[in-house]
Structures are given as structure tokens and as C-alpha cells.
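Residues per chain are reported as follows:
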Amino acid sequence: MSAATTRSRTPDRLCAEAVDLARAAAEEAAAPGVVGEHLSVIAEGDRVVTHFFECKDPGYRGWRWAVTVTRASRAKNVTLDETVLLPGDDALLAPEWVPWSERLRPGDMGPGDLLPTDAEDLRLESGWSGEDAPPPNSVVSTEMAELVEAEDADVTDRTVVPVRGSITSVAEELGMRRARVLSRYGLHSAADRWDEAFGAKTPMAQAAPASCVSCGFLVAIGGSLGQAFGVCANEFGPADGRLVSLSYGCGGHSEAAVMPKPLRPAPPVLDSMASDEFPLRPSRDTGSVPAGDLTPADLGHS
């Protein structure tokens, strides 16, 4: 071990004895009564020493006031270098800072919030906006750029109606008149996200009697995503109004439990088309009249 290394690890005697100078500097930087007892002293280098004091601020539990002092070569006067508040081993620290673009989660946006999109967003690629040459360093068309610059422009004024019969009007009908469209990466990331929420691997789909591809409540969508996704229109299903994978399924499948039609009564069977007579008083030849009421003529005697 060299002599320089030995000197750097051994605190300078005059700097180490300047505890009062270090405390006064810490108390000047901190609020009254916040600086506690002297904890330790370490050597930062030749004639450079840092004194540590306890921090009594309740909001900085485990932190320490660090005051660095030094002196010039062959000088006896110790001078102040810097005063900072540093965390200790058991200090209460704030969570690691995360950029807003990484903190944002689905559903965080509210009414009136604006979410800027990076010009180099991998989810998007250049589309056809109707402009031969878009403005430099711009991802929007000239028409949209002019509307953005107008501070008093209403939302309803942001739609520019193209001339009927032009290429722009045809592109408007096809949904192509946009400065940027989804890239292949953007399509895949969206498909992965939707499949994770309403895909074949979800517990609901695993227990379903059939998949959405054969369900009558599935609303087809256009574009390449329509080959794998659709919109559920079953108001009693768990994915009503949501994009679902064609391999997703639930118990609300239109053909899963079809209720049978109510049974219709059999038609009446008639063995005669004539009407039957039902007299109020029985006739004598039916055997319903008592024998005591019969006359000799009824019995065939003269």
C-alpha cells in the first residue's frame, strides 16, 4: 500500500477536530433543532474530511447531515467545502423516478387530457394524408397544422371537407387520409394486448362451451385485425362492447344453451262431422226410463 493511499484513508487531524465548524455549517443550512449528535468522520482525500451529524427531521428518517471541510497544504485554518443531506443505510427514500411515458397506464387519461405521441413512435408509420410534401419536422398535414396553430379553432372546425371526386375524397372514404397509421409493430402489440384480456388462454375462454367465431353476437370488424378479432355485442356477456379474439368464448354463446320452443297441444281428433243431439228428457228406447213408467204400448203388448 502506497503512502498516498494511507494518507487518504487517515483523516487529517486539524480537519477531524473541526467538529464545531462543521456543526455550525449544518445548523445554518438546516432548520433549528434538526441537526443532532455527531456520528462519524471519514477522510475523502488529503486534508479533506467529511463530518456526519444526525438528522432529527421526521420526514428524513435515517438521513445524515454531511459537512465536508478542508485546509490548504501547510495551512492551519480549516475552511468549509460543502454541506449536504445524504441518506444512510436505513434511510427512507423516495421510489425510483420513472418517466411519465412509462408510468402511464390504460385508463389514466381523463376528459380534457392530452397525450403527446412521439414522432418516432414504433407503433406508428407514415400514412397518406393527401399532401405531396408534409412540412419539415412535422407528422401532420398542412391543413391540420394550420388548425393547430389557430388558438380559437373549435373541435368541429377541425374537419376539412375534401373536394368530391378527388383522390383525397376517395382516401377519406377508405380511411387513408391520416398522417400516420399503425405500423406492423403497433398492430402486433395491440393484438397481443387484446388477446391477453380476451383471448383463448383466459379462464373464461377455457371454460366456454364454444368460441366467438361461431357466436351470433360477434360483430365483424374490417382491416387485417378482423381476421383475428371482433366486437362482442352480447349485453349480458363479460366482454360486451369490447374487442375479443375469435378464439375467445364465454357462457353467453348464442348457440351454447338454446332454449327449446314450448310444446304446442295436439290438434283435436274428430270422428264425425255431424252434430250430436242432447235432449233435455231421455227417450224411452234408450233404457233410461224406469220400468214402472212404461205403458203396455211401450212394452209391445195390446
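Before reading further, recall that the structure is shown in the block above.
This is a predicted model, so every value here is computed, not measured.

Enquirer: What exactly am I supposed to notice about helix H7 (residues 184-197) here?
Expert: Residues spaced three or four apart along an α-helix face the same direction, because each turn holds 3.6 residues. Compared with the 20 Å implied by 1.5 Å per residue over 14 residues, the 20 Å span of H7 between its first and last C-alpha is a close match. Turning to H7, the residues buried within the fold contact strand E6 (180-182) and strand E8 (229-232).

Enquirer: So what exactly am I meant to see when it comes to the nonpolar core here?
Expert: Core analysis: the biggest nonpolar cluster contains 15 residues, and Val 35, Phe 53, Trp 65 and Val 67 have the highest contact counts within it. Of all the secondary-structure elements, those providing two or more residues to this core are helix H3 (19-29), strand E2 (48-55) and strand E3 (63-70). Residue contributions to this core peak at four residues, all from E3. By size, the runner-up hydrophobic cluster in this structure holds seven residues, among which are Ala 205, Cys 212, Cys 232 and Tyr 248.

Enquirer: Can you help me understand the pairing of E8 in this one?
Expert: As defined by bridge partners, strand E7 (residues 218-220) adjoins E8 across three bridges and the pair is classed as antiparallel. For Ala 220, the partnering residue across the bridge sits in E8 and is Gly 230. One ladder, built from three bridges, connects E8 with strand E9 (residues 243-245); its direction is antiparallel. Counted as the bridge partner of Phe 229 is Ser 245 from E9.

Procedures and definitions
- Residues numbered from 1 in each chain as written.
- Predicted model: local features only at pLDDT ≥ 70, side-chain atom pairs only at ≥ 80, totals over all residues.
- Heavy atoms only, no water.
- Helix = DSSP H or I, 4+ residues; strand = E, 2+ residues; numbered from the N terminus.
- Expected span 1.5 Å × (residues − 1).
- Contact = heavy atoms within 4.5 Å.
- Core = buried A, V, L, I, M, F, W, Y, C linked by side-chain atoms within 4.5 Å.
- Buried < 20%, exposed > 50% of the residue type's maximum accessible area, 1.4 Å probe, protein only.
- Pairing = 2+ DSSP bridges.

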